[in-house]
Amino acid sequence: MTVTAPPNRKARAPHRVPLWDNARWLAIALVVIGHGILPLIADSDAAYAVYLFIYSFHVPVFVAVSGYMAKGTSPGTRQIKRLLTDIVVPYIIFETIWTTIRWMLGGEFVLDYATASWTLWFLIALALWRVLLPYLAVLRYPLIITMAISVFAGYFAAIDATLALSRTIGLLPFFVFGWALRQRQITGRWLSLPPRVIWRWRAGALALFLGLAVTIVVFIEPLRDLKVRRFLLYDEPYPTIGYPEWWAGGIRLGLMVFAMVLAMAFLMLLPRKPTWFTALGGATMYIYLLHSFLLFPLRETGVLEGPQPWWVLPGMIVLCLAIALLLSQRFIRRAFRPLVEPRVTWLFRRETPPASGPKETLHLPPPVAPPGPPAS
């Protein structure tokens, strides 16, 4: 006998935690700011300081949020389809668009899907992280193991930008870190704390970020000479950065651990309840894939190269925030949904439901009674 739910019962929508939607939007807004001010850092210590401050934690936060949303179980048909429709197909679409743009600007038309254009490396990395996570989830110490792999990968020049492999391996610990936060139910514990305890932790987080900002400003020249920025990108082997020494991996390890602490501090400072930007957290992929088209002219024309007036840096920050807000709007999602969230149902084979009809009954012969005792 099969029990079915009443037909008028509505399926419940998946529960969303405002804290993580807040984290998603603020993290992607910082990504836009980091990309926007990049042309200024060569000639401006102030821009370089802001850049180092943002990059010390914002990419780890963005990756950790993605890991928090991922599942460590073996993927079913639905998860596999979403991997293709949400990541692989959009990557092919946008990589083709960027190849076409470069061709229109005088370059060669060469479709090289193994080498991601500008920000598209994240899609390749995200796909590989999701594929790897079920295998890592069965390990006893997945975070420690991935941290060791990330550190040792930096010694090998063969691990390069092909298929975003350097960043995929380098940032993999942050993806596992975000997944581990969910496994340990950190969010539930944090949300259940009383306000007085929350504000104690937030005071410590504020002190940590304030100390980081002061340190960067005071030691901006040594940090520039030490090439710390290139370590924060996780896309180059240590000898290429200028550190062929055996202990170079210790720099990545230290920055990695510190970034995880900063990521936790960042989450502590976020509002726990819904805010005006909470609903915008669902538009992160639109912001990520589209913002580069708006920043591309500023990057390629050279208008931001060389020394700039003091107001250019805060102006760029405000512009980048406006871009993040613009690309979060519903009309943008409706207009660009065919590119960012393409419907490619034609790509998958049609699933045929099991045939309905009378069930076949297996007729068994009647049981044979065991022989009785011999007659005396």
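Quick caveat, the model's predicted, so the values are computed rather than measured.

J.: Before we go on, may I ask you to explain the packing of aromatic side chains in this structure?
T.: A complete count under the given rule lists 25 aromatic pairs for this structure. Judged by centre distance (5.7 Å) and plane angle (80°), the ring pair of Phe-53 and Phe-57 falls under edge-to-face. Of the aromatic side chains, those joined through ring pairs into one cluster are Phe-62, Trp-121, Phe-122, Trp-129, Phe-175 and Tyr-288.

J.: Would you take a moment to explain a nonpolar patch on the surface for this structure?
T.: A cluster of nonpolar residues, Ile-92, Trp-103, Met-104, Phe-109, Leu-111 and Tyr-113, forms a patch on the protein surface that exposes about 620 Å² of accessible area. Its location among the elements puts Ile-92 in helix 4 (residues 77-104). The class of Ile-92 is partly exposed, set by a relative accessible area of 40%.

J.: Sorry if this is basic, but what is going on with unusual backbone geometry here?
T.: Excluding glycine, a negative phi dihedral is what most residues carry, and trans is how most peptide bonds are arranged. In this structure, Trp-118 takes a positive phi of about 40° despite not being glycine. Positionally, Trp-118 belongs in the loop between helix 4 and helix 5 (121-137). Of note, the phi angle at Tyr-234 is positive, near 55°, even though the residue is not glycine. For Tyr-234, a relative accessible area of 4% translates into the label buried.

J.: How do you make sense of helix 15 (residues 312-326) when you look at a structure like this?
T.: An α-helical segment advances 3.6 residues per turn. Residues three or four places apart therefore align on the same side. If you check helix 15, its first and last C-alpha atoms are 20 Å apart, about what 15 residues at 1.5 Å a residue would give, namely 21 Å. Restricting attention to buried positions, one finds in helix 15 the residues Val-312, Leu-313, Met-316, Cys-320, Ile-323 and Ala-324. Taken down its axis, helix 15 places every buried residue within 115° of arc, on the same side. Where the residues of helix 15 are buried, they touch helix 1 (18-37), helix 2 (45-55) and helix 14 (284-300).

Definitions and cut-offs
- Residues numbered from 1 in each chain as written.
- Predicted model: local features only at pLDDT ≥ 70, side-chain atom pairs only at ≥ 80, totals over all residues.
- Heavy atoms only, no water.
- Phe/Tyr/Trp six-rings, centres within 6.5 Å; stacked < 30°, edge-to-face > 60°.
- Patch = residues over 30% accessible without salt bridge, like charges linked within 9 Å, V, L, I, M, F, W, Y side chains within 5 Å.
- Areas by Shrake-Rupley, 256 points an atom, 1.4 Å probe, with all protein chains shown as cover.
- Salt bridge = Lys/Arg side-chain N within 4 Å of Asp/Glu carboxyl O.
- Helix = DSSP H or I, 4+ residues; strand = E, 2+ residues; numbered from the N terminus.
- Buried < 20%, exposed > 50% of the residue type's maximum accessible area, 1.4 Å probe, protein only.
- Expected span 1.5 Å × (residues − 1).
- Arc of directions from axis to C-beta.
- Contact = heavy atoms within 4.5 Å.

Purely geometric stuff here, so don't read any function into it on its own.
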